[in-house]
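Spelled out from the first residue to the last, the chains are:
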Amino acid sequence: MKNSGICPKCGSNNVVRVPDNGRYASSNSIYTTRATLFGKIPVIRYVCCSCGYVENWVERPDELERISQQFG
Ligand SMILES: [Zn+2]
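Scope of this entry: the structure provided in the associated data block. (Residues numbered from 1 in each chain as written. Predicted model: local features only at pLDDT ≥ 70, side-chain atom pairs only at ≥ 80, totals over all residues.)

Remarks on the overall build of the protein chain
Alright, step 1. Check the secondary structure of the protein chain and you find one helix and five strands.
Alright, step 2. Walking the protein chain from its N terminus toward its C terminus, one meets helices and strands in the order β-β-β-β-β-α.
Alright, step 3. Counting every position in the protein chain, which comprises 72 residues, the buried fraction comes to 4%.
Alright, step 4. Here the analysis covers contacts within the protein chain between residues at least 6 apart in sequence; of these, 47% occur between residues at least 24 apart. (Helix = DSSP H or I, 4+ residues; strand = E, 2+ residues; numbered from the N terminus. Buried ≥ 20, exposed ≤ 12 C-beta atoms within 10 Å, placed from the backbone. Contact = placed C-beta atoms within 7 Å.)

Structure below.
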């Protein structure tokens, strides 16, 4: 869905990217350190506007590395 722009559930191409702006979508973010903005990893969401399916993605390689070090 992130790369194809096609919903894997219903096949629609009505897929939108919803960035984590820290205000409306912060509940799903991953925190590598407690209660600091520095430790907050934004999770980008791709939402199918046809069926409502949602995918979550961490987009930046350095952030993936931080998660790997923290939880791996
Ligand atoms: Zn869909």
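Focus on the environment of C51
Alright, step 1. Within the element layout of this structure, C51 appears in the loop between strand 4 (44-48) and strand 5 (54-57).
Alright, step 2. Separated by 42 residues in the primary sequence, C51 and K9 have C-alpha atoms spaced 7.8 Å apart.
Alright, step 3. With residues near it in sequence (within four places) discarded, C51 still touches C7, K9, C10 and S12.

Examining the sheet that holds strand 1 (residues 15-18)
Alright, step 1. The antiparallel open sheet is built from three strands, whose spatial order is 1-4-5. Two strands in the sheet have a free side with no partner beyond their single neighbour: strand 1 and strand 5. With direction set aside, neighbouring strand axes in the sheet form an average angle of 20 degrees.
Alright, step 2. Bridge count between strand 4 and strand 5: four bridges; the pairing is antiparallel. (Pairing = 2+ DSSP bridges. Axes fitted to C-alpha atoms, helices over the stretch in contact; angles between N-to-C directions.)

Here's the deal with the pairing of strand 4
Alright, step 1. In the sheet, strand 1 pairs with strand 4 via four bridges, with the strands oriented antiparallel. If you follow V15 over to strand 4, its bridge partner there is C48.

Some remarks on the environment of P42
Alright, step 1. As for its placement among the helices and strands, P42 is situated in the loop between strand 3 (40-41) and strand 4.
Alright, step 2. We classify P42 as partly exposed; it has 19 C-beta atoms within 10 Å.

A look at the environment of V58
Alright, step 1. Looking at where V58 falls in the secondary structure, it is placed in the loop between strand 5 and helix 1 (61-71).
Alright, step 2. Expressed as a C-alpha distance, the spacing of V58 and R45, which sit 13 residues apart in the sequence, is 8.8 Å.
Alright, step 3. When sequence neighbours within four positions are dropped, the list of residues in contact with V58 reads I41, V43, E63, L64 and I67.

Geometric descriptors of this kind do not, in isolation, establish any biological role.
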